[in-house]
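# Architecture and fold: a report
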Amino acid sequence: MAATGHGGQMDGEACVQAMMTETIMTKLRAGKKKFKRSYRLQKDRETIVYSPTRHSAVPEYDVSNILEVFLSTLTSRSSRVDREKAVGPSNSFSISYKDHTPTLDLICTSPETAQIWVRGIQHLILSRTGETIVNKKERWIAEYFHAADKNQNERLDLKEATSLLKRMDVPISGQHIKDRFLEADKNGNGDLDLEEFGQLYRELTHRQEVEDVFNRFASPQGVMTMNDLHNFLTQEQKSQGDAETCKRIINTYEQISDVKASDSLSLQGFTLYLESKDGDIYNHAHDQ
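Residues numbered from 1 in each chain as written. Predicted model: local features only at pLDDT ≥ 70, side-chain atom pairs only at ≥ 80, totals over all residues. Heavy atoms only, no water.

### Here's the deal with the side chain of Ser 38
Turning to its location among the elements, Ser 38 is positioned in strand β2 (residues 33-41). A distance of 3.2 Å separates the side chain of Ser 38 from the side chain of Glu 22, its partner in a polar contact. Not counting the four nearest positions on each side in its chain, Ser 38 is found in contact with Glu 22, Thr 23, Ile 24, Val 49, Tyr 50 and Ser 51. (Helix = DSSP H or I, 4+ residues; strand = E, 2+ residues; numbered from the N terminus. Polar contact = N/O pair within 3.5 Å; in protein donor to acceptor, adjacent residues only side chain to side chain. Contact = heavy atoms within 4.5 Å.)

Rendered as structure tokens:
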């Protein structure tokens, strides 16, 4: 792993960058079972993947699901792994999760490597604290971009960009996307980097009239809470706005996981809802 010899001097962002290089670590389980694997943070900064594995799909850990990470002292017993927070340097660390995912206990080749991973994950968690809705949207776009970048060259060609936009529920025709793609390709090299693709996505999904309506009902934080959505449904669409309906709309149309988890709706989720059959503003059922 790059720069592990200076782990104690690396700041959080440098540790995050180092985590993107494959790192050999050993997973410890009960009964002294050990599994040596290669771990790496993906460029989307959202997922940690590892190999080898017996699963056909690429296994991953979601950074947003991490509750806590800490240097640890580990003892593997027949039915469990006992762990304590280390009071000093340690070559092992543990990750606990918000859901029922079992705690992950990893043994590194050196205390410096363990420190890099702990500091890097803590930096990722801290960077999400106080994020604005704009930050979350940009992170969401980057996550999709890097997942679509199969050859990891930090660029998407026309075919890749078109496929990704469809997965992001952007309603566009093949010819229209080709025309807009060429406009977005500022240097004319036949593909888009993250900044160019992000600009293309924002232009394709921008609906000023929808944004105006959203801003009338949204909270100062830039999202629609359950109560905001209730007010929109009952006042603007003259339709049912009970808690169950609001929850269903959020779960169906919100794409940003952090926003969905807070039972809220972002502008893009609101736009997807209005463009659906459920939210069709020309649906006369809303007038009844």
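### Side note on the pattern of salt bridges
Per the counting criterion, the structure on display carries 18 salt bridges. A salt bridge links Lys 85 to Glu 68; its shortest N-O distance comes to 2.6 Å. One end of the pair, Lys 85, is in strand β6 (residues 81-85); the other, Glu 68, is in strand β5 (residues 66-76), and 17 residues separate them in sequence. Ionic pairing is found between Glu 275 and Arg 207, a salt bridge with its closest N-O pair at 3.4 Å. (Salt bridge = Lys/Arg side-chain N within 4 Å of Asp/Glu carboxyl O.)

### Looking at the packing of aromatic side chains
Throughout the structure, instances matching the rule amount to ten aromatic pairs. Pairing Tyr 61 with Tyr 97 gives two aromatic rings, centres 5.9 Å apart and planes at 20 degrees, and the pair type is stacked. One end of the pair, Tyr 61, is in strand β4 (residues 60-62); the other, Tyr 97, is in strand β7 (residues 92-97), with 36 residues separating them in the sequence. Each member of the pair, Tyr 61 as well as Tyr 97, is classed as buried. Relative to Tyr 144, the ring of Trp 140 has its centre 4.8 Å away and its plane inclined at 50 degrees; by these criteria the two rings are tilted. (Phe/Tyr/Trp six-rings, centres within 6.5 Å; stacked < 30°, edge-to-face > 60°. Buried < 20%, exposed > 50% of the residue type's maximum accessible area, 1.4 Å probe, protein only.)

### What about the sheet that holds strand β3 (residues 47-51)?
Hydrogen bonds between backbone atoms are what pair the strands of a sheet, whose relative direction is either parallel or antiparallel. If you trace the eight strands from one edge of the open sheet to the other, you get β4-β3-β2-β1-β8-β7-β5-β6, paired in antiparallel fashion. Bordering the open sheet on either side are β4 and β6, each of which pairs with just one other strand. If you compare each strand with its neighbour and ignore which way they point, the axes differ by 40 degrees on average. Here β2 runs beside β3; their pairing, made up of four bridges, is antiparallel. (Pairing = 2+ DSSP bridges. Axes fitted to C-alpha atoms, helices over the stretch in contact; angles between N-to-C directions.)

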